[in-house]
Every structure is written in structure tokens, then in C-alpha cells.
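So you can see what is in the structure, the chains are spelled out below.
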Amino acid sequence: MMYPVIRKLQHKRVVLASASPRRQEILSQAGLRFEVVPSRFKEKLNKSSFPTPHAYAIETAKQKALDVARRMHQKDLRTPDIIIGADTIVTIEGLILEKPVDKQDAYWMLSRLNGKEHSVFTGVAIIHCFSQDGQLDVEISQFYEETVVMFSQLSEELLWEYIHSGEPMDKAGGYGIQALGGMLVESIHGDFLNVVGFPLNHFCKKLAELYFPPGAVGLQRVKHDSIPAVDTFENLSEEEGAGLDRGGAQARGTQDAGHDRTAESLPPFPTGLLELIAGFQASKALFTACKLKVFDLLQHEAPLQAVDIASKIDTSEHGTGRLLDVCVALGLLEKTERGYSNSDLAALYLLSDGEFSLHGFIELNDEHTWAAFTHLESDVREGSSRGHRAVGDEAEGLLQDSCPGRDARLCFMRAKHGLAKLTAHQVATALDLSRFTSACHLGGCTGALAHKLAREYPRLTVTVFDLPEVIEHVTCFQPSGPQTEQVSFVPGDFFKDSLPEADLYVLSGILHDWPDEKVHRLLSRISGSCKPGGGLLVAEVALDEDPRAARPGLLRSLSRLLQTQGGERSLTKSRQLLQLHGFTDVQVARTGDVLHVVLATRPAT
């Protein structure tokens, strides 16, 4: 449907001023090729000053896009041709509902919507940018779409179950219609994608209006009841678009008609596939920049020119400049006339000593997993690895095979620690654990999740039980604060040694390391140590029924082929395993897009 206009715009620089994965997916599936530059506009407009909710949404979308336009004009050598901004809000009874700030706020929102009809508005701003004599000029087109949604009458228990899934927290109105939130909706009237986050139908119509106003020469169809017809876009040339040179478009009307009809028979341009094919190059560029400590250097001395960075990290000026520019394109660095500096993303996750650093995880993938995947073809043919395992297992033998030596073991621990810091809050708060007073985290490594559990539940004491060669290195990972007294570390092997006593046992990212035989053995030991009424908290990347939704788990299970005979299991299989070992009451919560958290308890008597 959009292919003709998208084909004509493929040489234009299009920017989406939104970090929303849902908007990115909608536009990508329509064939649009674009960059993502999230807006930094603070959404603090006075709602009461706007005559209608949609006016507020439009203005917010416009300000988001203008913020990106100004920033890119100042920092970039080339101004974007088109910037798209969008803002989605939910309104009911005169109130504007945006994203909830916490679970209680999500409950308040969903309670207001429960059993009632509400409206979803998305404001969209399309900004065409022009740069002349160093000055930025823009032309702004804007519109809004409204969809009416009817919620079913839902029980409080169901609302809280949905809230604990974690899904409401990044969505306007506290629900996502395209995922679990769809179970709350009884009916909709209007554009479904508008509720998801972007009104694609109206967007297409607006493009047709911008490039071909009524009366343009060569147009055969002028009435559009839904999506503009293919020949609406026939005459849009690659030289136009950004400048909206409508006279030139009219002059080409008949000349290119035969060429366009031929092009329409071509398949859609495989943008996503091409990015997938070249994806390893982006990964290796990131790995290399981290290994050279580029982000650490720029955190303290930015902005720096490429020649200065090359001198400080002892690399060639030419090669360093190429690497830095790739990092800019990937959104990891920012570039101005004064030099390079870290992007917000890099400052948060790519510093070796940052609170939420993924530096260790990157190091693990670069030095171990990358090498293991080079043998993937032979491993797939034979069904197992041939001694070239990737790191990822806590078991003593695998740990020694994969990470011989102190440095490699610390590499493994840094990777686990970084990932645990990112997910610990979600795991600790996904389900109510307040009834437990003692917990034992089996294979808890550095204790990142244990400390988060202690912070969330002040009455809870947590024992981290892991191999002696892991426990001896945990000191350098410990935080400060009063909650540290609630956490202790005990060395041991959970397959061989007696498990510490606890009301709640915790397994996070452990079961996928092992085949069913060893999983049964481990669960049997936990069940034997668990008191009546006690529980087992399991956090894993679970496989969805939908293979596309299950992609993270499937990739990890492929990775496990290079390590053990373990792998991710579906929620159904995980539930069956737990029930087989006496954990009859099983609750499940999904946190974010990947992780499932399961609380399984034994009968009280």
C-alpha cells in the first residue's frame, strides 16, 4: 500500500522522533526506512490550557519533532529531510491519561476505564526541514486520529494480575491493546493501530495531501475513502519530497507513469532483512569500542576530536574516525564541530564502572560467545558443541571449561551482574512476596537480585548460595546501605551440598542451563528442603507460542546448543515441571518483553 511513496522517499533522510518500539514496528512493516532519534522534550505542557485533548496531543507531538530537528541541525552535518513526531493519550470523562508512574497509578487508570468507553487520541506532526546559510527552516503538517475503545467490566483481581505483568508501565492509559491488554477490551470503533500507537491509515492520507493537493495534474483518483490508491503517489520524484516542489511533480506526471507501473510489481524493499544480515557488523563495532574504552574516555574528557581519541587509546587516526562515525550512526555517540561525546544510552549502559553497566556482558559476548557462534553450522549438524562452549553456566565443571582462570571467571560474573541489575527490580516486584521472611537465591552470583529483594521487603533475609570460586569474588560487587545486613553469602554446589533453610527459594536464569534430567534433580532437592507453604520463585526467558514473540528465548536456546543440552522452556512445560515436584499453586507474571516470573508454592499442609 505505501510502497510507491516509500520507494520514492528511500533516498531521503527520515527520522522518527520516538523511542516507542510499537511505532517503529508499524512504520517498518509499512516499508518506511528511517532513523530513530528519541525526543528529549519534557512532556509537561499545561493540559488545562488546551481546548481539546487532541490539541494537547498534537502540540506534544510537534514539540517532540521540533526538539529533534533543532538538535540534529546543531550536531549533524546534514539536516534530516523529514521528522515524524507522535504522542498518544487516553481520555475519559475529560481526563487525559498518559503513562502510569507506578503500579498504583496504573490501577487508578485502569479502574477509571473499567466497564466504560474511552477515547484514544494520537497527535502526529510531520516536519519537513530545510537548511539554508546555516539556518534551519521547517514546514509543519499535523493531524490527529481518534479511536473509541470499550472496556469490559473486569474484576479487581484480573486488573491487578494485568498490572503485575509489568505491561501497563510504558503505555498511555496503562494498557497495550496489541498484547495482554487486549483481554481488557470488549470492542473498538476506529483505527486499531491508532490505539497501538500510530495511525498508519491517516498518515498515508496526509502524505497524499502534502504531495498531491486537489487539482494536481496527472492524478486519476481524488477521492480516498480509506487508504490512498496506488496511483495517488505515482508522480512523486526522488528529487522532491523534502522541498515539496509540487510543480516538478506535476511536470513528470505522464513521463514516469510506465516506469512506476513496472516498479509497483517489484517486491517490498527488504530493509529489515538487510539489517539482519549486516547485524554482526554493528555488534562487532560496539564490542570494539567497549574494548578500547572509548566510552570511558569520553565520559571524562568529551568532546574530543578523532585524532585526540586515537592518541589516547593508541590506535590509528583513520581507523578510529571510521569507528567513531559508526558509533554515531548506531546512536552510541554524538558528534558536533567540537568533537565526539557519549550519547545518553552510552553514558547509562556502556561505561565499565556504571551502575547499570553492560560492559561485562559485552565483554563476555565478544571474547566467548562470538567465538562459539563461529562453529554454529557444525554444532547444528551434530546437535552439540565440540568443546568450544560459550560462557553461561554456573555449574562448576562448565564454569571451569568456559572460563579457565580468575580473569575469565570475573568476566562471567560481571556479565551476570550487569544483566541482574537491569532485571532485579522487575523480578522482585512482579509478584507479592511479602509473606516470606527468609529466602535463598541458588546460583545468585554477585547478589544483585538478593539486594533488590532485601530493599523491597525489609523483613526478608536472603542467603546467596553459589560455588566457592564465585563467592570468593563477590566482595567487589557489593553495594552500601542498611539492606546489606539482610544479605549473606554461603559457598556450595546446589546439586551436591545441603541447601540453606528458607521460606522461599529463588532461581533466576538457572533452569535453562540444564537438561530435563538435571532440572528434575534440582527441583526435587528444592522441594525436599521447602517447608509446607514455602515457595519457589523462578525467573526465566520463556518461549512464547508465537515464534516471533519467542525470538529472545529461541536465540538463547540456540546459544545453549553451544554450551549444554539445556534451553528455554515454554510456560506450559515449566508449570508442569513445578507441579510434578509438589508446587501445586503456580502464579505467572510477565515482566517487559522477555522475562517471565513464576511463583510456585507448596501446600500449607
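Residues numbered from 1 in each chain as written. Predicted model: local features only at pLDDT ≥ 70, side-chain atom pairs only at ≥ 80, totals over all residues. Heavy atoms only, no water.

Let's talk about the pattern of salt bridges
Side chains that carry opposite charge are capable of pairing whenever their charged atoms lie near each other. Scanning the entire structure with this criterion turns up 14 salt bridges. Between E35 and R13 there is a salt bridge, with its nearest N and O atoms 2.6 Å apart. Of this pair, E35 sits in strand β2 (residues 35-36) while R13 sits in the loop between α1 (3-8) and β1 (14-16), and the two are 22 residues apart along the sequence. Three or more residues joined by partner-sharing salt bridges are found here, namely R40, E334 and D344. (Salt bridge = Lys/Arg side-chain N within 4 Å of Asp/Glu carboxyl O. Helix = DSSP H or I, 4+ residues; strand = E, 2+ residues; numbered from the N terminus.)

What about the side chain of T601?
Examined against the element boundaries, T601 turns out to sit in strand β16 (residues 595-601). In this view, T601 contacts R435, F436, G534, G535, G582, F583, T584 and D585; residues no more than four positions away in its chain are not counted. (Contact = heavy atoms within 4.5 Å.)

Concerning the side chain of Q486
Along the chain, Q486 falls in the loop between α21 (468-471) and β12 (487-491). For Q486, the side chain forms a polar contact with the main-chain oxygen of L460, separated by 2.6 Å. The contact partners of Q486, leaving out residues within four places of it in the chain, are A454, Y457, P458, L460, T461 and V462. (Polar contact = N/O pair within 3.5 Å; in protein donor to acceptor, adjacent residues only side chain to side chain.)

Here's the deal with helix α5 (residues 156-164)
Within the sequence span of α5, burial applies to L159, Y162 and I163. An end-on view of α5 places all buried positions within 100 degrees of arc, on one side of the element. Residues of α5 that are buried make contact with α4 (103-113). Backbone geometry just downstream of α5 places G166 in the positive-phi region, at approximately 90 degrees. (Buried < 20%, exposed > 50% of the residue type's maximum accessible area, 1.4 Å probe, protein only. Arc of directions from axis to C-beta.)

Topic: the layout of surface pockets
Within this model, the second largest pocket holds a volume of roughly 440 Å³. Around the second largest pocket sit 22 residues that line it, and E355, K421, A448, H451 and P479 are the ones nearest its centre. Elements supplying a minimum of two residues to the lining of the second largest pocket: α19 (406-429) and α20 (448-456). For the lining of the second largest pocket, a count of residues per class yields eight nonpolar, ten polar and four charged. (1 Å grid on protein atoms, 1.4 Å probe; cavity = no way out; pocket = protein on both sides within 12 Å on 5 of 7 lines; lining within 4 Å. Points joined across faces, edges and corners; volume = space filled by probe spheres on them. Nonpolar A, V, L, I, M, F, W, Y, C, P; charged D, E, K, R; others polar.)

Considering the nonpolar core
Core analysis: the biggest nonpolar cluster contains 41 residues, and I84, Y175 and F203 have the highest contact counts within it. Setting aside chain neighbours within four positions, we find I84 in contact with V14, V15, L16, A17, L32, V124, A125, F198 and F203. Grouped together as the second largest cluster of nonpolar side chains are 26 residues, V427, L431, V506 and V597 included. (Core = buried A, V, L, I, M, F, W, Y, C linked by side-chain atoms within 4.5 Å.)

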